[in-house]
Amino acid sequence: MEPAEVGQVRIPRALTVAGSDSGGGAGIQADLKTFAALGVHGMSAITSITAQNTHSVTRVVDLDPEMVVEQIRVCVEDIGVDAVKTGMLHTTEIIRAVADELKKVVAPKVVDPVMVAKSGAPLLRDDAIRTLVEELIPIADVVTPNAREAERLTGIPVKGLEDQKKAAKEIAELGARAVIVKGGHVDGPVVRDVLYFNGEYVVLESERIQTKNTHGTGCTFASAIAAHLAHGREVVEAVRRAKEFVTDAIRYGLDLGKGAGPVNPVWGALRKAWLYEAMENVSVATEILERVEGIGWICPESMINIAEVVPFGSSIGDVVSIPGRIANVGGRLRPSSCPRPGGSKHVASAVLVAHSLDWRIRAAMNVRYDERILESASRLGMSVSSYDRSKEPPEIKNVEGMTIRWGVREAFNQAGKVTDIVYHLGDFGKEPMITIFGENAVDVVKKLLRILNKEDQPDPERHI
């Protein structure tokens, strides 16, 4: 990488040399999404055009090898490159041409030896495997085969961890600087990827996520490694970070099409933006409440919280709320701290249930139980549902944090929809409570003010 001039900040640059996936789940489409999500400028040299969707590849048209090489040449010559990732290289001619051109490029090279699409369609001709082994792998800094690809490259059946180690070492002996034999196709409760680098093994583990939406996993992983190498990170750190990145991309994969839906490389970047938006919303909502005189009576003994979940969020860490809650101080409501992710368990649990049933509902707040609140809400046409805590099943009551999830879901199920308000009348040692739901934190607070007939309160200077 050429040093930047003093005072100049330059974005890292990465080039993907791969096939195009018309369905947008794998190939250069996945690569470019990954580069962008990791703060890297992405460039592409398309090797083949595929007509494919989530369940089949119906046609492949290979580009002329000279055109593939020209795409690489002009990008490197003008823009420069800090890392290269190769994917689908369908023919011997394309592999040979790409290898010859990349020998001239001084930048880390990540080779994903793509052989078969998720649908089962072949993406590498049998006669091209020898060329891949003899000409491309020897110039690679990192090679990322899955278990099936490692078997075809080495002839070693890959059924477990020791097989992965043997295959990784044998591929490295072909000339690659580092090899990761992925474990997604190896049976077991966890996924183990084996990295062989500098004569040592590093085993990286992650949970096995039960989903069919894994299209583009290999492309995303290899591209994430390239992106981190482009940032100047060392091989082991780049692989670790890429492993975390692709695990989240799988966890939040997109349920699209009739076959294997695509993974979601942009989830992490979107989550950070959505968390910031949620923090702004909760902050504005609490500022509105602070301006209202004489509203402290709505605060229950356990105090109030306001929570907003990011779109598609599924855990407490995806929910922004007020650590320490909101208290009644001299008849006014005062937050004990600034909003942050993971600041609530109870209200956050209610939000997560509501959002899982209706993606438009992302926020909630709790207030004390008072029949006047319910009556006013009903007069305004708001929907109300409830649940009985005394009917909570023992297997739910015995698990910490499950009561709210059970109760809110029970109320919504009985109503046949996600309602504006859910209440319960308490139980032994548990005070009655009302929870108000809405599209965001500000929407929830404005619903409350309408119920209390205080909707003419001025908004804070900041607006969302």
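Use the structure listed above.
Residues numbered from 1 in each chain as written. Predicted model: local features only at pLDDT ≥ 70, side-chain atom pairs only at ≥ 80, totals over all residues. Heavy atoms only, no water.

Some thoughts on the overall build of the chain
For the record, the criterion: Helix and strand assignments come from DSSP, with helices taken as H or I runs of at least 4 residues and strands as E runs of at least 2, each series counted from the N terminus. Relative accessibility thresholds used throughout: buried, under 20% of the residue-type maximum; exposed, over 50%; partly exposed, between the two (1.4 Å probe, protein chains only). Contacts are assigned to residue pairs that have any heavy atoms within 4.5 Å of one another. Asp and Glu are treated as the negative residues and Lys and Arg as the positive ones, with His and the ends of the chain left uncounted. Lysine's charge is taken at NZ, arginine's at CZ, aspartate's at CG and glutamate's at CD.
Per the secondary structure count, the chain includes 14 helices and 18 strands. Over its C-alpha atoms, taken along the principal directions, the chain stretches across nearly 80 × 55 × 40 Å. Within the chain, the fraction of its 464 residues that count as buried is 54%. When contacts within the chain are restricted to residue pairs at least 6 apart in sequence, long-range pairs at least 24 apart make up 68% of them. Distance between charge centroids for the chain: 3 Å, based on 55 positive and 62 negative side chains.

So, unusual backbone geometry
With phi around 55 degrees, Asn198 is a residue other than glycine that occupies positive phi space. Within the secondary structure, Asn198 is located in the loop between strand S8 (190–197) and strand S9 (200–207).

Some remarks on the nonpolar core
This is how it is decided: Only buried residues count toward a nonpolar core. Its members are Ala, Val, Leu, Ile, Met, Phe, Trp, Tyr and Cys residues joined through side-chain atoms within 4.5 Å.
Core analysis: the biggest nonpolar cluster contains 41 residues, and Val17 and Leu132 have the highest contact counts within it. Of all the secondary structure elements, the ones that give two or more residues to this core are strand S1 (13–21), strand S2 (41–52), helix H2 (65–78), helix H3 (92–102), helix H4 (129–136), helix H5 (147–154), helix H6 (161–172) and strand S7 (178–181). At 5 residues, the largest contribution of residues to this core is made by H3. Sequence-distant contacts of Val17, defined by excluding residues within four places in its chain, comprise Ala45, Thr47, Val68, Ile72, Val84, Lys85, Thr86, Gly87, Leu89 and Val98.

Some details on the pattern of salt bridges
Short version of the rule: By salt bridge we mean one thing: a side-chain nitrogen of Lys or Arg within 4 Å of a carboxyl oxygen of Asp or Glu.
Scanning all chains against the criterion turns up 24 salt bridges. Put simply, Lys103 and Asp100 hold a salt bridge, and the shortest N to O gap is 3.7 Å. The class for Asp100 is partly exposed, based on a relative accessible area of 37%. Between Asp358 and Arg360 there is a salt bridge, with its nearest N and O atoms 2.9 Å apart. One network of salt bridges, in which partners are shared, links Glu70, Arg73 and Glu77.

Details of the packing of aromatic side chains
What counts is decided by this rule: Think of it this way: a Phe, Tyr or Trp ring, Trp meaning its six-membered ring, pairs with another when their centres are within 6.5 Å, and the plane angle makes it stacked under 30 degrees, edge-to-face over 60, tilted otherwise. Charge-over-ring contacts are defined here by two conditions on Lys NZ or Arg CZ: a distance within 6 Å of the ring centre and an angle within 35 degrees of the ring normal.
In total, this model carries 7 aromatic pairs according to the counting rule given. On the basis of an interplanar angle of 55 degrees and a centroid distance of 6.1 Å, the ring pair of Trp274 and Phe312 is categorised as tilted. You can see Trp274 sitting in helix H9 (residues 267–290) and its partner Phe312 sitting in the loop between strand S10 (306–309) and strand S11 (319–321), a full 38 residues away along the chain. You can call Trp274 buried: its relative accessible area is 18%. Cluster of aromatic residues (ring-pair linked, three or more members): Tyr252, Trp267, Trp274 and Phe312. A cation over a ring is seen here: Lys165 above Tyr201, with NZ or CZ 5.5 Å from the ring centre.

Focus: the side chain of Ser385
Heads up, the rule is: In the analysis that follows, any N or O atom pair within 3.5 Å is treated as a polar contact, provided that within protein one partner can donate a hydrogen and the other can accept it, and provided that, for residues neighboring in sequence, both atoms belong to side chains.
Of note, Ser385 is situated in strand S16 (residues 384–386). Accessibility expressed as a relative area gives 6% for Ser385, which makes it buried. Within the local environment of Ser385, its side chain forms a polar contact with the side chain of Thr419, the two groups lying 2.8 Å apart.

Things to note about the sheet that holds S1
In plain terms, the rule: For two strands to be treated as a pair, DSSP must find no fewer than two bridges joining them. In this analysis, axes come from line fits to C-alpha atoms, helices being fitted only over the stretch in contact, and the angle between any two N-to-C directions falls in the range 0 to 180 degrees.
Spatial strand order, S3-S2-S1-S4-S5-S6-S7-S8-S9: 9 strands in an open sheet with mixed pairing. With partners counted over all chains shown, the strands left at the sheet margins are strand S3 (57–62) and S9, one partner each. Sheet topology places S1 next to strand S4 (residues 83–86); 4 bridges connect them, and they run parallel. Across the sheet, residue Thr16 finds its bridge partner in S4, namely Lys85. Contacts from helix H1 (residues 27–37) reach S1, S2 and S4 within the one sheet, and its direction differs from that of S1 by about 150 degrees.

As for the side chain of Arg13
Relative to the helices and strands, Arg13 is located in strand S1. When its relative accessible area of 9% is taken as the criterion, Arg13 is described as buried. In terms of polar contacts, Arg13 uses its side chain to reach the backbone carbonyl oxygen of Ile79, at 2.7 Å.

Notes on the sheet that holds S16
If you walk across this open sheet you meet the 7 strands as S14-S11-S10-S15-S18-S17-S16, and the pairing is mixed. Where the open sheet ends on each side, the last strands, each with one partner, are strand S14 (340–341) and S16. Across 2 bridges, the pairing between S10 and S11 is antiparallel. Looking at S11, one finds that Val309 is bridged to Val319. Helix-sheet contacts for H9 involve S10, S11, S14 and strand S15 (363–368), and the interaxial angle to S10 is about 155 degrees. Each of S16, strand S17 (421–424) and strand S18 (433–438) touches helix H13 (residues 402–415); the most contacted strand, S16, lies at about 125 degrees to it.

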